[in-house]
Amino acid sequence: MLQVNYIRENRAKVLEGLTLRNFKQPELVDEIIKTDEERRQIQTSLDNLSAIANSSAKQIGELMRNGKKDEAEALKAETTSNKEQIKNLSEDFAAAESKLHNLIVQLPNLPHHLVKAGSTPEENEIVYLHGEPAAVGEKALPHWELTAKYDIIDFELGTKIAGAGFPVYKGKGARLQRALINFFLDHATAEGYREMQVPHLVNEASGFGTGQLPDKEGQMYHVGIDGLYLIPTAEVPVTNLYRDVILKDEELPVKNTAYTPCFRREAGSYGAHVRGLNRLHQFDKVEIVQVVHPESSYQVLEDMSAYVQTLLQKLGLHYRVLRLCAGDMGFTAAMTYDMEVWSAAQQRWLEVSSVSNFETYQSNRLKLRFKGATGKTQLAHTLNGSALALPRIVAAILENNQTDKGIKIPEALVKYTGFEYID
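Read on for a plain summary of the structure.

Conventions we followed
Residues numbered from 1 in each chain as written. Predicted model: local features only at pLDDT ≥ 70, side-chain atom pairs only at ≥ 80, totals over all residues. Heavy atoms only, no water. Helix = DSSP H or I, 4+ residues; strand = E, 2+ residues; numbered from the N terminus. Buried < 20%, exposed > 50% of the residue type's maximum accessible area, 1.4 Å probe, protein only. Areas by Shrake-Rupley, 256 points an atom, 1.4 Å probe, with all protein chains shown as cover. Lys, Arg positive; Asp, Glu negative; His and termini not counted. Charge placed at Lys NZ, Arg CZ, Asp CG, Glu CD. Expected span 1.5 Å × (residues − 1). Axes fitted to C-alpha atoms, helices over the stretch in contact; angles between N-to-C directions. Parallel < 35°, antiparallel > 145°, perpendicular 65-115°, else oblique. Left-handed = near helix turned anticlockwise from the far one by under 90°. Contact = heavy atoms within 4.5 Å. Nonpolar A, V, L, I, M, F, W, Y, C, P; charged D, E, K, R; others polar. 1 Å grid on protein atoms, 1.4 Å probe; cavity = no way out; pocket = protein on both sides within 12 Å on 5 of 7 lines; lining within 4 Å. Points joined across faces, edges and corners; volume = space filled by probe spheres on them.

**Here we look at the overall build of the protein**
Here comes step 1: When you go through the protein residue by residue, the secondary structure sums to 13 helices and 19 strands.
Here comes step 2: Projecting the C-alpha coordinates of the protein onto the three principal axes gives extents of approximately 105 × 45 × 45 Å.
Here comes step 3: The buried share of the protein, taken over its 423 residues, is 48%.
Here comes step 4: Counting only carbon and sulfur atoms, one obtains 49% of the accessible surface of the protein, whose full area is about 20,500 Å².
Here comes step 5: Positive and negative side-chain charges in the protein, numbering 47 and 55 respectively, have mean positions lying 2 Å apart.

See the structure below:
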């Protein structure tokens, strides 16, 4: 979340950033500033009364030691009123703190100065285009027909077991999934990321720390009896490893990767754009997460984007890179690059990765700090990216590589799959 000091000292800049995001409640900014002023006034009164109470306690002790019991008792009577005022002010302060917190968490992150205005995906900025569309002919089948033809993914069986959006992978389909996971993990570790195995359930504090709660509560599966949430991405548990942690300057950057299944309730609309693997309730993904010094975070964002692109290139996929406009970015991001691959049979772009810099938005929630060379403690910057999400990668591989012999496996994957064709 945004820091209250920053909001108070940069009101115009905050309002400008929120306008760029098409934020519908700009009046919250002035309410936050007003509530913060009230909170600070209460704090000042509380500090003054506490100082008087401490001074009186010392005086009472001294009077008692000097045998001046009557004077001590008189002073005690005066302090009773102070104690009641301190109690009331403490309650007022807690209420102001709670109100301030509830207001601030409603504000999204502010966009970086390179992020353009806009409110729809069509207004995103294309910053790079790689390769050419696969030449598969007019009779190319979409992946949901290919998966049925080669009996490698069964959507109906998944619906029987759990519901729509939970496919069952079979035979070479399951092996392709495992191959891609290992391919992505091996490349991440070769790039210097440390592999982590993390819980697939998180508590409310973890969901709040990375910004999924309360913003995306409706999209998360909640295990009510235990107060836990199924993770929508490995970003949540991996980043929360550093909640309430103060790192040393020399420990930065922190680079972690993890494979997890991901669970999201957002699927459910109809049409070809969400058919088959295009949108699921459960899917596999390898995530990369970094915690870095604020001065280097935007270079790291570029590096992470470039790394994800190497994976797409090794898989032989035609892709483009978008810098999201302010209105299309996630709630917590300051800048986001989306990578989209071309689906030859569907004749459309499929998002397969988002790489984002959150600056201090998450670290402020997480209380994730580092101590610099001067000894000063400050908030770190956090970044993460999909490297990569599997469903649409699988869809693109199936559709773009269909031949008369079957579906040709990209050369970089053959040593992981153990076969060259799905036939």
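Now, onward.
**Description of helix α7 (residues 172-190)**
In an α-helix, one turn spans 3.6 residues; hence positions three or four apart end up facing the same way.
Here comes step 1: Here α7 is 19 residues long and its end C-alpha atoms lie 26 Å apart, about the 27 Å a rise of 1.5 Å per residue gives.
Here comes step 2: Directly after α7, the chain includes Gly192, whose backbone phi takes a positive value near 105°.

**Quick notes on the packing of α7 against helix α12 (residues 390-400)**
Here comes step 1: At a minimum axis separation of 11 Å, α7 and α12 run at an interaxial angle of 115°. Judged by the angle between their axes, α7 and α12 are roughly perpendicular. Read as a crossing pair, α7 and α12 show a hand that is right-handed. Side by side, α7 and α12 meet where Leu176, Gln177, Leu180, Ile181 and Phe184 of the first sit next to Leu390, Ile393, Val394, Ile397 and Leu398 of the second.
Here comes step 2: Looking at side-chain class alone, the contact of α7 with α12 contains nine nonpolar, one polar and no charged residues.

**Concerning the layout of surface pockets**
Here comes step 1: Each pocket or cavity is described by its volume, and for the largest pocket that value is around 1,500 Å³.
Here comes step 2: Around the largest pocket, the lining comprises 48 residues; the ones closest to its centre are Arg264, Glu266, Asp338, Glu351 and Ser354.
Here comes step 3: Elements that contribute at least two residues to the lining of the largest pocket include exactly β10 (282-292), β11 (319-323), β12 (335-343), β13 (348-357), β16 (381-389) and α12.
Here comes step 4: With eight residues, β13 is the largest single contributor of residues to the lining of the largest pocket.
Here comes step 5: Of the residues belonging to the lining of the largest pocket, the class tally is 18 nonpolar, 14 polar and 16 charged.
Here comes step 6: Reported here for the second largest pocket is a volume of approximately 620 Å³.
Here comes step 7: If you trace the second largest pocket, you find 22 residues lining it, with Tyr6, Lys13, Leu110, Pro111 and Glu359 closest to the centre.
Here comes step 8: Listing elements by their share of the lining of the second largest pocket, those giving two or more residues are α2 (11-20) and β15 (377-379).
Here comes step 9: Take the lining of the second largest pocket: its biggest share by element is four residues, from α2.

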